[in-house]
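Understanding the architecture of this molecule
Read off the chains here:
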Amino acid sequence: MNAESDDAAWRRRYPLRPFVAASVAVVRDGRVLLAARGQAPMRGVYTLPGGQVEAGETLAEAALRELHEEVGVVAEIVAGLPPLEVIGRDAEGAVLHHFVIHPHAARWRSGEPTTGPEALALRWVTPEEAHDLPTTEGLHGVIALALATVGNGA
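Note on numbering: residues in each chain are counted from 1, in written sequence order. Reporting of local features is limited, given that this is a predicted model, to residues whose pLDDT is at least 70; pairs of side-chain atoms are given and counted only at 80 or more, and all residues count toward the totals for whole chains, interfaces and linings. Excluding hydrogens and water, the side-chain figures rest on all heavy atoms present in the structure.

**Re the overall build of the chain**
Counting its secondary structure elements, the chain contains five helices and eight strands. Along the chain, helices and strands appear, N-terminal first, in the series α-α-β-β-β-β-α-β-β-β-β-α-α. Here the globule rule reads 2.2 Å times residues to the power 0.38, and the radius of gyration is calculated from C-alpha atoms. Computed over C-alpha atoms, the radius of gyration of the chain comes to 15 Å, within 12% of the 15 Å expected from 2.2 N^0.38 for 154 residues, which places it in the range of a compact globule. When its C-alpha atoms are laid out on the principal axes, the chain stretches across 50 × 30 × 25 Å. Sorting the 154 residues of the chain into buried and exposed places 41% on the buried side. Counted over contacts in the chain with a minimum sequence separation of 6, partners at least 24 positions apart contribute 71%. Of the roughly 8200 Å² of accessible surface on the chain, a fraction of 53% belongs to carbon and sulfur atoms. A residue counts as positive if it is Lys or Arg and as negative if it is Asp or Glu; His and the chain ends are not included. Positions of charges follow a simple convention, taking NZ of Lys, CZ of Arg, CG of Asp or CD of Glu. In the chain, 13 side chains carry a positive charge and 20 a negative one; their mean positions are 1 Å apart. Counting from the N terminus, the helices are DSSP H or I runs at least four residues long and the strands are E runs at least two residues long. Partly exposed residues are those whose accessible area sits between 20% and 50% of the maximum for their type, while under 20% is buried and over 50% is exposed, using a 1.4 Å probe and protein chains only. Contacts between residues were defined by any pair of non-hydrogen atoms, one from each residue, lying within 4.5 Å. In this description, accessible areas are obtained by the Shrake-Rupley approach with a 1.4 Å probe, and a residue is regarded as covered only by the protein chains that are shown.

**Concerning the side chain of Glu66**
Locating Glu66 in the fold gives a position in helix 3 (residues 59-71). Residue classification places Glu66 among the buried positions, given a relative accessible area of 8%. Not counting chain neighbours up to four residues away, the residues in contact with Glu66 comprise Gly50, Gly51, Gln52, Val71 and Glu118.

**Some details on the UniProt feature "domain: Nudix hydrolase" (unreviewed entry) in the chain**
UniProt positions are given in the numbering used here, feature names are shortened, and annotations may be inferred rather than shown by experiment. The residues that UniProt annotates with the feature "domain: Nudix hydrolase" (unreviewed entry) are residues 17-147. Note that residues 17-147 is 20% helix and 44% strand, and that its end C-alpha atoms are spaced 32 Å apart.

**Section: the nonpolar core**
To qualify as a nonpolar core, a set must consist of buried Ala, Val, Leu, Ile, Met, Phe, Trp, Tyr and Cys residues joined through side-chain atoms within 4.5 Å. By size, the foremost hydrophobic cluster in this structure holds 18 residues, and its most contacted members are Val27, Val32, Leu34, Leu48, Ile143 and Ala146. Mapped onto this core, the elements with two or more residues apiece are strand 1 (19-28), strand 2 (31-37) and helix 5 (139-150). With near-sequence residues (within four places) excluded, Leu48 lies in contact with Ser23, Val24, Ala25, Val32, Leu33, Leu34, Pro103, Leu139 and Val142. Among the nonpolar cores identified, the runner-up in size contains 16 residues, and Ala22, Ala62, Val71 and Ala75 belong to it.

Right, dumping it as C-alpha cells:
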C-alpha cells in the first residue's frame, strides 16, 4: 500500500455503497457548536462534529462518541433529525464519494471543546454567525432545526 491508500479519505473514494455517518448539533445558550474540518475532504470547512457509524453502534451512540472523541464535549441527544446525503462525482460523473449523514439535536452537558486532528477550529455560533462561515451543504437547515428542537439549551 502507498501512503495515499492508507489515508482514510482516500479509502472512501469510489465506494461500492454509501457510508453511514452520524453528527450532532450541540446547543448551548442558543448557540450551536461547529468544527472546522481538520482533514480532507473539505479541510477548514465548518460542520457538525461527527463521523462514521461503527458496527453494533446506534446512530445516536455514534454521534455522541464522535462528539467526545473529536472535541471533548458531552451532550444529551434530544432528537434525531432528517438525514442528509453528500454525493460527489468526478469529472466523468462516477460517484467519487457518498455519505448518508444522520444529524442529531442535542443539549450540551459538560466539557469545553478542544481542537485536535479532526477539528482545526471550534465555534459556538448563532444561525446568523454560521452564514458568515464556509460550511457544508445543508448545515444551515440542520442548525435551525436543532435550535427549534432543543430551544436555547441553557
